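Given next are the chains, with one letter for each unit.
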Amino acid sequence: MRPDRIPLFPLNVVLLPGADLPLHIFEPRYLEMVELCLKEKLEFGVLLALPKGVARVGCTAEIIEVVQRNSDGTVDILSVGREPFRVIEFFEDNPLAEGYVDYLEDRDAPPNGALRRELIELYETCHTLVFEDYPKNTDSDQAAPISFVIAGTLPMDLLWKQQILELRSEADRQERLVGYLRVWAPHLQKTGVMRQRAGGNGHGLN
């Protein structure tokens, strides 16, 4: 059973279930949080920091490795996204913010094989264009749903990733991603052609 009240860590990222999140921890309150989570085997909540506050839907992070304890007291950790949640109530009476949270489960929805195949094809195209490498994480035995795998891997706009996190069915997430990648893939292809031309004629891109 996950606790109803958890420490919260606002960041300029959207953490998705199954996604790795390496962190360099240097603020005293978050160093204290890391030690508490390690000692009690607790997860902390990651929320997207917005210009006027934080998002109310986030994802818990489990610390899976302390990569390095540095001489200046800072710590490098590797965490991984686990469970989506919604903050019901914020508690900011301590230096470390905490929240009373409700964990979010997916609604059942019939799978759409054609939609999934199109999504994976678009993902393979975008991944190859962005990373110049074919993706190796499209197996059906992935622990996280394929929508979270794709949104967690590609460098998508943060607000789009937040939308994916907040949707409560895999079918809805796949449909939203297909719409996004249909537009993004041609843009990436065009950008790649422009880069090739710039490299070939000696002129850089702004």
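Above this note sits the structure.
Read on for a plain summary of the structure. (Residues numbered from 1 in each chain as written. Predicted model: local features only at pLDDT ≥ 70, side-chain atom pairs only at ≥ 80, totals over all residues. Heavy atoms only, no water.)

Time to look at the pairing of strand β2 (residues 20-25). Side-chain alternation along β2 places Leu 21, Leu 23 and Ile 25 on a buried face and Asp 20, Pro 22 and His 24 on a face that remains uncovered. Alignment of β2 against strand β6 (residues 75-91), held across six bridges, turns out to be antiparallel. Looking at β6, one finds that Asp 20 is bridged to Val 80. (Buried < 20%, exposed > 50% of the residue type's maximum accessible area, 1.4 Å probe, protein only. Helix = DSSP H or I, 4+ residues; strand = E, 2+ residues; numbered from the N terminus. Pairing = 2+ DSSP bridges.)

What follows deals with the nonpolar core. Grouped together as the largest cluster of nonpolar side chains are 49 residues, with contacts concentrated most on Phe 44 and Leu 181. Of the residues forming this core, the biggest block, seven residues, is contributed by helix α5 (residues 170-201). The residues contacting Phe 44, other than those within four sequence positions of it, are Pro 7, Phe 9, Leu 23, Met 33, Cys 37, Cys 59, Thr 60, Ala 61, Ile 63 and Ser 79. Counting residues in hydrophobic clusters, the runner-up holds seven residues, among them Ile 6, Leu 47, Val 87 and Tyr 103. (Core = buried A, V, L, I, M, F, W, Y, C linked by side-chain atoms within 4.5 Å. Contact = heavy atoms within 4.5 Å.)

Here helix α1 (residues 28-40) contains 13 residues, and its C-alpha end-to-end distance of 18 Å stays within 8% of the 18 Å for a straight helix at 1.5 Å per residue. Of all the positions in α1, only Tyr 30, Leu 31, Met 33, Val 34 and Cys 37 are classed as buried. Here the buried residues of α1 occupy an arc of 155° about the axis, which is enough to place them on one side. Residues of α1 that are exposed and point over 90 degrees away from its buried face: Pro 28, Glu 32 and Lys 39. Residues of α1 that are buried sit in contact with β1 (5-11), β2, β3 (44-50), β5 (57-69) and β6. Positive phi appears at Lys 41, one or two residues downstream of α1, with a value of about 55°. (Expected span 1.5 Å × (residues − 1). Arc of directions from axis to C-beta.)

Counting across every chain of the model gives zero disulfides. Cysteine Cys 37 is unpaired, with the sulfur of Cys 59 as its nearest cysteine sulfur at 14 Å. By relative accessible area, which is 3% here, Cys 37 ends up buried. Taking relative accessible area as the criterion, Cys 59 reaches 0% and is therefore assigned buried. (Disulfide = S-S within 2.5 Å.)

Oppositely charged side chains can pair when the atoms bearing their charge come close. Tallied over the entire structure, the rule returns 12 salt bridges. Residue Glu 27 is joined to Arg 29 by a salt bridge in which the shortest nitrogen-to-oxygen separation is 3.0 Å. Owing to a relative accessible area of 33%, Arg 29 belongs among the partly exposed residues under this scheme. For Arg 107, the salt bridge goes to Asp 172, with nearest N and O atoms at 3.3 Å. Placement of the pair is Arg 107 in the loop between β7 (98-103) and α2 (113-131) and Asp 172 in helix α5, with a sequence separation of 65 residues. (Salt bridge = Lys/Arg side-chain N within 4 Å of Asp/Glu carboxyl O.)

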